[in-house]
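# Structural features, examined
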Amino acid sequence: MKTNRLGYALLLVAFAAGNAFADAHEELDRPSMHASQSMKVNAVVEAINHETREVRLRRSDGEIIEFVASEEARNLGQVDVGDIVNAEYIHSVSIEVIANEGYEPEAGQMQATARTEEGEMPGVAAINTQVATATVEEINIEANTFKLKGVDGTVNEYTARNPENLKRAKVGDLVIMTVTDAVAITVEEVTSE
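So, a few notes on the structure that sits alongside this text. These numbers were taken from a predicted model, which means no experiment stands behind them.

### Examining the overall build of the protein
A count of helices and strands for the protein gives 2 helices and 9 strands. The N-to-C order of helical and strand elements in the protein reads α-β-β-β-β-β-β-β-β-α-β. A burial count over the protein gives 31% of its 193 residues as buried. At a minimum sequence separation of 6, the contacts of the protein that also span at least 24 residues come to 69%. Surface exposure of the protein reaches about 12000 Å², of which carbon and sulfur atoms provide 51%.

### Observations regarding the pairing of strand S4 (residues 84-98)
Examined bridge by bridge, strand S1 (residues 32-49) and S4 share 13 bridges and lie antiparallel to one another. Bridge pairing in S4 places Ser36 opposite Ser92.

### Observations regarding the nonpolar core
Nonpolar side chains in soluble globular proteins tend to end up buried together. Counting 11 residues, the largest nonpolar core is built from Ala43, Val45, Ile48, Val55, Leu57, Ala69, Leu76, Val79, Val85, Met121 and Val187. For this core, the secondary structure elements donating two or more residues are S1 and strand S2 (54-59). Counting residues per element, this core draws most heavily on S1, at 3 residues. Once you skip the residues sitting within four places of it in the chain, Val55 turns out to touch Ala47, Ile48, Ile65, Glu66, Phe67 and Leu76. Counting 6 residues, the second largest nonpolar core, distinct from the first, contains Val97, Ala134, Val136 and Leu148.

Conventions and cut-offs
- Residues numbered from 1 in each chain as written.
- Predicted model: local features only at pLDDT ≥ 70, side-chain atom pairs only at ≥ 80, totals over all residues.
- Heavy atoms only, no water.
- Helix = DSSP H or I, 4+ residues; strand = E, 2+ residues; numbered from the N terminus.
- Buried < 20%, exposed > 50% of the residue type's maximum accessible area, 1.4 Å probe, protein only.
- Contact = heavy atoms within 4.5 Å.
- Areas by Shrake-Rupley, 256 points an atom, 1.4 Å probe, with all protein chains shown as cover.
- Pairing = 2+ DSSP bridges.
- Core = buried A, V, L, I, M, F, W, Y, C linked by side-chain atoms within 4.5 Å.

Right, dumping it as structure tokens:
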């Protein structure tokens with residue numbers, strides 16, 4: 001059995017960097033949090049029509065997945081019945097509060113995609129990160145609420161999950177919210193020995 005591991009390196013680097021960033025902010029006095037969730041799915045190719053690009057997979061729990069592979073799915077001709085499709089999905093959210101040095105709320109997005117080379121087993125890795133900042137406009141410790149001004153200038157009120165965090169933040173602080181979604185899909189060629 002040969003395995004194509006494109007994408008795992010990209011995911012490991014991306015999330016190692018994200019965790020290092022979160023660890024650095026844990027040492028600061030201001031609030032921060034990081035949470036992530038991942039899911040892995042493995043399936044066996046039960047049927048494939050290379051002309052119509054129709055694919056039928058059976059997951060390990062017996063669920064059938066049928067789809068038509070897009071033209072972007074490079075190297076579909078390499079896939080045969082019995083090959084194994086591995087997919088991993090990771091979703092992470094990070095919120096950090098830092099001292100604001102005169103910045104206004106902003107938002108941005110970064111995307112990256114990598115595919116296997118021509119002639120290799122199909123594989124893809126993709127990552128999408130969205131970052132938005134907001135300014136702390138008000139903190140009400142008695143009511144356990146705070147107000148944030150977003151990119152569009154709108155001010156919204158929120159209830160703090162951890163009231164102690166309100167004591168560690170200040171009006172004018174910058175709140176950085178980062179959401180990252182990453183997926184890696186590989187196909188393992190199953191050869192008879």
